[in-house]
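Residue-level structure breakdown
So the chains spell out like this:
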Amino acid sequence: ETGVTQTPRHLVMGMTNKKSLKCEQHLGHNAMYWYKQSAKKPLELMFVYNFKEQTENNSVPSRFSPECPNSSHLFLHLHTLQPEDSALYLCASSQDLASGLTDTQYFGPGTRLTVL
Amino acid sequence: AQKITQTQPGMFVQEKEAVTLDCTYDTSDQSYGLFWYKQPSSGEMIFLIYQGSYDEQNATEGRYSLNFQKARKSANLVISASQLGDSAMYFCAMREATVAGNQFYFGTGTSLTVIP
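Residues numbered from 1 in each chain as written. Chains lettered and ligands numbered in written order. Predicted model: local features only at pLDDT ≥ 70, side-chain atom pairs only at ≥ 80, totals over all residues. Heavy atoms only, no water.

**Details of the pattern of salt bridges**
Inspection of every chain in the model, using the stated rule, returns 5 salt bridges over all chains. Across the pair A:Arg63 and A:Asp85 runs a salt bridge whose closest N-O atoms are separated by 2.7 Å. You can see A:Arg63 sitting in the loop between strand S6 (53-57) and strand S7 (64-70) and its partner A:Asp85 sitting in the loop between strand S8 (73-79) and strand S9 (87-94), a full 22 residues away along the chain. A salt bridge links B:Arg95 to A:Asp103, with the nearest nitrogen and oxygen atoms 3.9 Å apart. Taken as a pair, B:Arg95 in strand S10 (residues 88-96) and A:Asp103 in the loop between S9 and strand S10 (106-107) lie in two separate chains rather than in one. The exposure classification of B:Arg95 matches that of A:Asp103, with both residues buried. (Salt bridge = Lys/Arg side-chain N within 4 Å of Asp/Glu carboxyl O. Helix = DSSP H or I, 4+ residues; strand = E, 2+ residues; numbered from the N terminus. Buried < 20%, exposed > 50% of the residue type's maximum accessible area, 1.4 Å probe, protein only.)

Here it is, written out as structure tokens:
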């Protein structure tokens, strides 16, 4: 596999369920990101990890819980979500946060989440 | 105020013609980076082109070029010789050189449709 992969590609869950999104990057990068993409809105940065350490949490509700066990893997654990959480969740990776302005983020295909 | 503004929600272009997608940005930094991404219906955000604020020449990557006008704070994407496969959403993004190094802003996107 190359690039950034995400599983599952589609997820439907009830408000009381617990599920996890998985992201894996095969680029040798050290920074990983979670974004939420809702219709008609700019991408919203949720979490940033650099060398497995969380560096950014943009006021994300606690029902979203990230985990980064190593630089290649990133998870987003979901519990007691709301219907307004339905969106495309994109994972991205980049070289690392100290690489400067040219540090390009490479994205996975996303997980389309629907909360019933 | 929005950091990235894309004023064209939708654009149409005839196959083989050129098209310009507009992007303006807002920053008080002297050092920043500008990116364009393509998002087909499959969902994956594909990196297209990068322009640094200190780059004197407009960036080019194959059929993509970036019309960078620093004084106007605009970074328009030009796609030459449009192909049917260019039909997608296009997002402009900016990275600012903050201490944390991870402020990355996206616009709301422009939907491009290439007409045969």
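**Quick word on the environment of A:Tyr106**
When you line up the elements, A:Tyr106 lands in strand S10. A:Tyr106 sits in the partly exposed class, given a relative accessible area of 35%. Considering only alpha carbons, one finds A:Tyr106 and A:Ser93, 13 residues apart in sequence, at a separation of 5.4 Å. Ignoring anything within four residues of it in the chain, the contact list for A:Tyr106 reads A:Val4, A:Leu27, A:His29, A:Cys91, A:Ala92, A:Ser93 and B:Phe47. (Contact = heavy atoms within 4.5 Å.)

**Brief notes about the state of the cysteines**
Evaluated as defined, the whole model comprises 2 disulfides over all chains. Bridging B:Cys23 to B:Cys92, the disulfide has an S-S length of 2.0 Å. Linking B:Cys23 and B:Cys92, the disulfide has an S-S dihedral of approximately -65 degrees and is accordingly described as left-handed. Placement of the pair is B:Cys23 in the loop between strand S3 (19-21) and strand S4 (24-25) and B:Cys92 in strand S10, with a sequence separation of 69 residues. Considering cysteine sulfurs only, A:Cys91 is the nearest to A:Cys68, which forms no disulfide, with 9.0 Å between them. (Disulfide = S-S within 2.5 Å.)

**A few points about the pairing of S9(A)**
All names here are of chain A. With 8 of its 8 residues buried, S9 lies for the most part within the structure. Here S9 shows no split at all, with Ala87, Tyr89, Cys91 and Ser93 on one side and Leu88, Leu90, Ala92 and Ser94 on the other all buried. One ladder, built from 7 bridges, connects strand S4 (residues 31-37) with S9; its direction is antiparallel. From the neighbouring strand, Lys36 faces S9, where its bridge partner is Tyr89. As paired elements, S9 and strand S11 (residues 111-115) share 3 bridges and run antiparallel to each other. Of the residues in S11, the one forming a bridge with Leu88 is Arg112. (Pairing = 2+ DSSP bridges.)

**Re the packing of aromatic side chains**
This model, assessed by the stated rule, comprises 14 aromatic pairs over all chains. When the ring of A:Tyr35 is compared with that of A:Phe107, the centres are 5.5 Å apart and the planes differ by 45 degrees; the resulting orientation is tilted. In this pair, A:Tyr35 is assigned in strand S4 and A:Phe107 in strand S10, connecting sequence segments 72 residues apart. A residue is classified by how much of its surface remains accessible, and A:Tyr35, at 0% relative accessible area, is buried. On the accessibility criterion, A:Phe107 (2% relative accessible area) is buried. Arranged with centres 5.9 Å apart and planes meeting at 65 degrees, the rings of B:Tyr37 and B:Phe47 form a pair that is edge-to-face. Of this pair, B:Tyr37 sits in strand S5 (residues 32-39) while B:Phe47 sits in strand S6 (residues 46-52), and the two are 10 residues apart along the sequence. The buried category is assigned to B:Tyr37, whose relative accessible area is 0%. You can call B:Phe47 partly exposed: its relative accessible area is 24%. (Phe/Tyr/Trp six-rings, centres within 6.5 Å; stacked < 30°, edge-to-face > 60°.)

**Looking at the side chain of B:Thr110**
All names here are of chain B. Structurally, Thr110 is set in strand S12 (residues 110-115). Classification of Thr110 by relative accessible area gives buried; the value is 0%. Reaching out from Thr110, the side chain makes a polar contact with the backbone oxygen of Gln8 at a distance of 2.7 Å. (Polar contact = N/O pair within 3.5 Å; in protein donor to acceptor, adjacent residues only side chain to side chain.)

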